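Listed below are the residues making up each chain.
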Amino acid sequence: MIPQPVTQNPLPDQTFTLQSSATVGVLSTEEAATWVADQLAAQLRLSTGFPLPVQSGEGTITLSTDGPSSLGAEGYELRVDGTAVTVTAATAEGLFRGVTTLRQLLPAKADAGTEQSGPWEIAGTTIADAPRYPYRGVMLDVSRHFRSVAEVKRCIDLASLYKLNRLHLHLSDDQGWRIQVDSWPELTKHGASSEVGGGPGGHYTKADFAEIVLYAAERFVTVVPEIDTPGHTNAALTSYPELNADGEATEYFTGTEVGFSSLAVHKDVTYDFLDDVFREVAEQTPGDVIHLGGDEAHSTPHSDYLTFVPKAAELVVKHGKRVMGWHEIADAPLPAGSILQYWGTDDDRSRELTRKAAAGGAEVVMSPANRAYLDMKYDQDTPYGLDWAGLVSVEKAYRWDPATLIPDLPESAVIGVEAPLWSETFDDMSKIEYMAFPRLPGIAELGWSPASALDWESYRARLAGQAARWDVLNVNYYRAPEVDWS
Ligand code: ACM
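Definitions and limits used
- Residues numbered from 1 in each chain as written.
- Predicted model: local features only at pLDDT ≥ 70, side-chain atom pairs only at ≥ 80, totals over all residues.
- Heavy atoms only, no water.
- Salt bridge = Lys/Arg side-chain N within 4 Å of Asp/Glu carboxyl O.
- Buried < 20%, exposed > 50% of the residue type's maximum accessible area, 1.4 Å probe, protein only.
- Helix = DSSP H or I, 4+ residues; strand = E, 2+ residues; numbered from the N terminus.
- UniProt positions renumbered as here; feature names shortened; annotations may be inferred.
- Phe/Tyr/Trp six-rings, centres within 6.5 Å; stacked < 30°, edge-to-face > 60°.
- Lys NZ or Arg CZ within 6 Å of the ring centre and 35° of its normal.

Enumeration over the complete set of coordinates arrives at 29 salt bridges. The shortest N-O distance in the salt bridge between aspartate 141 and arginine 144 comes to 3.0 Å. Accessibility expressed as a relative area gives 0% for aspartate 141, which makes it buried. The salt bridge involving lysine 318 is made with aspartate 275; its shortest N-O contact spans 2.8 Å. Here the residue lysine 318 occupies a position in helix α8 (residues 302–318), and aspartate 275 occupies one in helix α7 (residues 268–283), the gap between them amounting to 43 residues. Residue aspartate 275 is classed as buried on the basis of its relative accessible area of 18%. What you see here is one network of salt bridges that share partners, running through Glu74, Glu93, Arg97 and Arg136.

In this numbering, the UniProt entry assigns the feature "domain: Glycoside hydrolase family 20 catalytic" (unreviewed entry) to residues 133–450. End-to-end, the C-alpha atoms of residues 133–450 are 9 Å apart, and along that stretch the chain is 33% helix and 14% strand.

Right, let's get into the packing of aromatic side chains. Tallied over the full model, the rule gives 27 aromatic pairs. Seen from their ring centres, tyrosine 384 and phenylalanine 426 are 5.9 Å apart, and the 90° between their planes marks the pair as edge-to-face. On the criterion of sequence distance, the pair formed by tyrosine 384 in the loop between α10 (369–372) and α11 (394–398) and phenylalanine 426 in the loop between β15 (414–421) and α12 (429–436) is long-range, its members being 42 residues apart. Judged by its relative accessible area of 0%, phenylalanine 426 is buried. Taken together, the ring pairs in this structure connect Tyr162, Phe437, Trp470, Tyr477 and Trp485 into an aromatic cluster. Here lysine 109 stacks its cationic end above the ring of tryptophan 120, 5.3 Å away from the centre of that ring.

What follows is the structure, encoded as structure tokens:
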């Protein structure tokens with residue numbers, strides 16, 4: 001099982017078998033508890049061919065939100081005995097995490113989209129589980145190469161199998177603008193029509209984005225939208241001349257260099273633009289966070305950067321959201337409630353900025369580039385991906401502790417982990433899957449399981465056991481030599 005639960009004990013001599021007469025019962029007044037039951041039943045109908053009606057009250061499989069609040073919003077208890085399965089939580093979200101565990105206890109073919117033959121057995125067990133951290137994310141860069149709504153949904157499905165609960169979408173960069181903003185229509189009329197290598201690009205309409213946000217919410221994943229500023233902005237600068245310091249629109253950019261673009265820090269129109277963009281993005285975002293980027297602003301003079309960040313941050317707060325940003329933003333004063341995303345490589349400067357932000361009250365999400373970046377090559381022979389932060393084997397991605405990676409950072413400042421996947425070298429989903437699997441489940445375990453449960457030998461054995469599910473789900477994963485794939 002991945003992530004490893006907090007406690008799991010066998011019920012010896014008891015085996016549950018899902019039969020064609022089984023029902024799924026819901027004991028809850030939360031409407032979302034019924035979504036969770038419906039999703040479970042819908043999947044198991046496909047693979048087992050059983051009718052699996054969902055009913056209120058007890059069933060063969062019962063989902064109950066009668067659990068104590070001491071379980072927390074995402075915690076759950078699960079009991080499998082000879083006759084029944086019970087998942088108990090305090091919330092529908094906790095039920096969803098428990099059902100995710102139940103799906104891993106079933107044979108891998110239970111995740112198939114077509115009817116398989118049984119038996120559908122689960123060894124008797126009791127589990128009590130809750131996450132170590134509230135923020136457990138994956139980031140998809142849809143700017144360097146655009147991904148369709150269907151592809152984003154597949155990412156949500158695969159991430160939620162490992163109890164991840166944030167999808168950070170990197171929606172703007174030099175190569176393309178990807179989200180509809182009605183008040184600045186050239187962003188998508190013009191700025192969306194490019195990507196790395198000169199492909200057609202694309203963008204999400206408001207309807208598309210709403211579909212992504214809803215699909216994510218039904219899987220208890222919150223979308224964190226990023227509008228990268230003041231650098232990484234060529235797609236905006238090519239759409240609107242007035243956003244440039246010299247008033248001249250730039251050309252499309254389809255290369256992969258970074259650090260050459262900047263919004264005009266001293267023009268009022270820049271802040272009118274960001275006010276509108278953050279307002280419209282906030283309106284499309286039920287989550288409480290907007291990410292304003294802030295990384296690699298190499299062509300923004302440093303004093304300008306220090307002027308810019310607080311003004312941009314204030315606009316995010318004005319529209320009711322918390323500020324999130326890459327660790328460089330810690331050089332400027334940040335509003336209360338900000339979240340800093342560390343993407344350093346054990347270097348002093350990024351550690352110092354992260355400690356400074358934490359000392360000022362910011363929360364920290366850990367995305368060390370030399371461990372958590374899914375776009376780094378596994379080894380020299382990996383056919384795509386980058387290596388500027390080093391080669392990141394499955395073991396290297398797994399063997400670190402988010403609480404202690406940065407010396408002298410108070411453990412209480414860390415709210416979780418995120419695995420970013422930058423897409424300069426990935427023009428299709430199969431390449432993205434190859435880089436994410438098998439490393440992403442390891443980052444998910446670092447976010448969920450208690451520090452005492454983190455163990456490479458145990459993890460690599462459990463990872464091998466996941467391959468059967470990936471085969472069923474047609475996930476293109478890398479058969480890393482560190483793991484004994486059976
Ligand atoms: C980053 O990798 N530029 C955050």
